[in-house]
Amino acid sequence: MINLFLHAALLTTTPILLAAIGGFVNRMGGLVNLGLESMMLAGALVGVEVSAATGSALLATFAAAAVGAIVALLMSLVVTRLRANEIIVGLGFTVAVAGLVRFILKSAYGASGTYNPPGVVMLPRLDVPPLESVPVLGALSGLDPLTWLAWALVPAVAFAIARTRWGLRLRATGAAEATVRSVGLQPLAIRDGSTVFAGALSGLAGAHLSIGIVGLFNEGITGGRGFIALAAFYFGRTSAARTAFGALLFGVFDAAQIRLQGRGVPSEIVQTLPYVIVIVVLTGLGFADRRAMRGRFF
Amino acid sequence: MTSGLSSPQLGRAAAAAAPFALALAIGALVLAATGHEPATVYRLMLEEAFGGERRIAATLTEATPLLLTGLAAAIAFRAGVFNVGAEGCFYLGGIVAAIAGYALPSWPGVALIPLALLSASLIGGAWLVAPGLLRAKLGVDEVVTTLMLNFIAIDLTSWLVDGPLLARGSANSATPQIVAAAELPRLLPPTTLNLGFVISLALVIAYGGWSRFSAGGFESRLVGLNPRFSRAVGIELPRVVLRAMIASGVVGGLAGGIHTLGLVHRFVAGFSPGYGFTGIAIALLARNSAVGVAVAAVLFGALSSAGANIQLFSDVPIEIVEILQGAVMIFAVAQLGFGRARLRAAT
């Protein structure tokens, strides 16, 4: 029982975690990414398409990451080079890409809402037979590679940001753009790079949903997970571990919500929890920062 | 940075038209890539939006909610408050107006309609008190809080219509139909254009007067342009910020109420196709001016009504409208080299 639930919760966490790590890195580089949802959606569609066309889940995964990265690069260039407001551009991408995806579904595949081509190859599941009968740890058997990748990225990103030259440059770009420029580096290019990273991870998140879990594409497949990821990296602030904890928490809610359906607990109410938690956390932080904020209104 | 045009007004008009033109260009690319003739599609859309009285009425019906969500965004942005929460207010205002409209069948219209619209406005305003206070008193980023509140409002209302408020015998997630007395009168039967359009337009005009001629309007503009200066001359920033946020929520809630009473006549799940977010694009294109909000709302209304029709009469999917709307949003904030900065970085 517990293994089944934990297993489900790990799987629902994966797309949120992938996108949240990307958004976290992006934010460290000075860009709050509200377009994660659009990159995820593009990745989910391309993942299904390439998987069906080539019969290779690996190629499909790379293609999903690539399309997420391309959408992210476009978004980043508008923000960094045309100096557009990142919030509006992110929302604009969410609207435009959702429209584009549905437009392509109808006009190229003649499908309305759901696209289910024959021959979709799913991501493989990695079984660990010795663990299967162990309580709790058994949940780790039968996960797909993207789930392992997502969790491996958490310490890797934390280390890279804290200890490497790239991490230092990224943090400096987010915190003091002028300083980065004054030492001869290009902060905007670094920021674009962080957005592309976020886009690639969101593309993977989309592929996890489409060829990792359901095996088809549906226009509502991302279901706001890009914004849950936003909630997770706001929850995490400057810590990759806290971001991952937030993603796991919201993944557990998601899994619980699916299990509680039809048992008297309204799933819509459970779905609001990530958003409520973020507001509560921000409020708490606001009170904590109050002394520092005093006298400096804006 | 200068456009090279001698008249600043011409430059402003070019700056406002440029995002639309660029969006149309992107839409043309998408259409051409999928085997449609862009010029033909756009001409058809223009005809469907403005060709004849009925089509104009349909466009104005589509523009009605956008006038108010655009206004809601403009009120907030003007004071430098980056409220993206009109969508949530729209849902809440819509459901509250629907409840008033079906739960009080014995009330006469003259009392019921004002009551329903008033409650819709109040719930919208109340919904944004918390993010307003958080921003004004604690400096908590209002973009994130209002965005999150949208999702909460949408989930909350869809829970209400799935369970407690579900109409008996209805398979859809919807409240019962409102009583006939609660419906806003139609202006041009058989079209769906209704009194809501007049109310919305009147409010946009009133906003124009307020923003230009009143002390409060000047104050909010000053706070939006230069908060430090405003504080130095003795304006209480928290008060102005909170006021702008609540007023924005009131208008957003009213928009939902009018949408229920004027057009939908009940509350259904998926009540808004993103009117609140389109309102953001409208306010940005309009640079918070009343005339601009009216013009941009009609343009976006034309896009939606034309989109619905071209899907019926040609094989172009209606989603071309979403692509155009998203592209306008993106280009509305991009610095394209016309005039000065349009919106300060919000965060």
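Below: a short report on this structure.

A look at the overall build of chain B
For chain B, the helix and strand inventory stands at 14 helices and zero strands. In chain B, the order of α-helices and β-strands from amino to carboxyl end is α-α-α-α-α-α-α-α-α-α-α-α-α-α. Here chain B has a C-alpha radius of gyration of 20 Å; the compact-globule value for 347 residues is 20 Å, and the two agree. Judged by the C-alpha coordinates and their principal axes, chain B covers about 60 × 55 × 30 Å. The buried share among the 347 residues of chain B stands at 54%. Put simply, of all contacts in chain B between residues at least 6 apart along the chain, 78% involve residues at least 24 apart.

Observations regarding helix H2 (residues 36-54) of chain A
Residues and elements named next belong to chain A. With 19 residues, H2 ought to run about 27 Å at 1.5 Å a step, and its terminal C-alpha atoms sit 26 Å apart, in line with that. Of all 19 residues that make up H2, 17 are buried, and the element is covered over most of its length. Downstream of H2 by one or two residues, Gly55 has phi in the positive range, about 70°.

Here we look at the packing of helix H3 (residues 53-78) of chain B against helix H13 (residues 290-313) of chain B
All names here are of chain B. Where H3 contacts H13, the two axes come as close as 7 Å, and the packing angle between them is 135°. The angle between H3 and H13 falls in the class oblique. Between H3 and H13 the crossing geometry is right-handed. Taking contact as the criterion, the partners of Ala58, Thr59, Leu60, Glu62, Ala63, Leu66, Leu67, Gly70, Leu71 and Ala74 in H3 are, on H13, Val293, Ala294, Ala296, Ala297, Val298, Phe300, Gly301, Ala302, Ser304 and Ser305.

Observations regarding the nonpolar core
Of all hydrophobic cores here, the largest spans 208 residues; its most connected members are Ile21(A), Ala231(A), Ile282(B) and Val293(B). No other element matches the 14 residues that H3(B) contributes to this core. Not counting the four nearest positions on each side in its chain, Ala231(A) is found in contact with Gly246(A), Phe250(A), Pro274(A), Tyr275(A), Val278(A) and Met148(B). Counting residues in each nonpolar core, the second largest holds six residues, with Ala9(A), Leu11(A), Ala139(A) and Ala255(A) among its members.

Regarding the interface of chain A and chain B
Taken residue by residue, the interface counts 43 residues in chain A and 45 residues in chain B. It is helix H4 (residues 86-109) of chain A that provides the largest number of residues to the side of chain A that touches chain B, a total of 16 residues. Here the side of chain A that touches chain B is built from residues that sort into 29 nonpolar, nine polar and five charged.

Concerning unusual backbone geometry
Most peptide bonds take the trans form, and the phi angle of most residues other than glycine is negative. Of note, the bond from Pro189(B) into Pro190(B) is cis; its omega dihedral lies within 30 degrees of zero at 5°. Inspection of the secondary structure assignment puts Pro190(B) in the loop between helix H7 (142-162) and helix H8 (195-213). You will see that Val136(A), though not glycine, has its phi angle at about 65°, which is positive. Considering the arrangement of structural elements, one finds Val136(A) in the loop between strand S1 (114-115) and helix H5 (145-163). Overall, the presence of 10 C-beta atoms within 10 Å leaves Val136(A) in the exposed class.

Criteria and thresholds
- Residues numbered from 1 in each chain as written.
- Chains lettered and ligands numbered in written order.
- Predicted model: local features only at pLDDT ≥ 70, side-chain atom pairs only at ≥ 80, totals over all residues.
- Helix = DSSP H or I, 4+ residues; strand = E, 2+ residues; numbered from the N terminus.
- Rg over C-alpha atoms; globule rule 2.2 N^0.38 Å.
- Buried ≥ 20, exposed ≤ 12 C-beta atoms within 10 Å, placed from the backbone.
- Contact = placed C-beta atoms within 7 Å.
- Expected span 1.5 Å × (residues − 1).
- Axes fitted to C-alpha atoms, helices over the stretch in contact; angles between N-to-C directions.
- Parallel < 35°, antiparallel > 145°, perpendicular 65-115°, else oblique.
- Left-handed = near helix turned anticlockwise from the far one by under 90°.
- Core = buried A, V, L, I, M, F, W, Y, C linked by C-beta atoms within 7 Å.
- Nonpolar A, V, L, I, M, F, W, Y, C, P; charged D, E, K, R; others polar.

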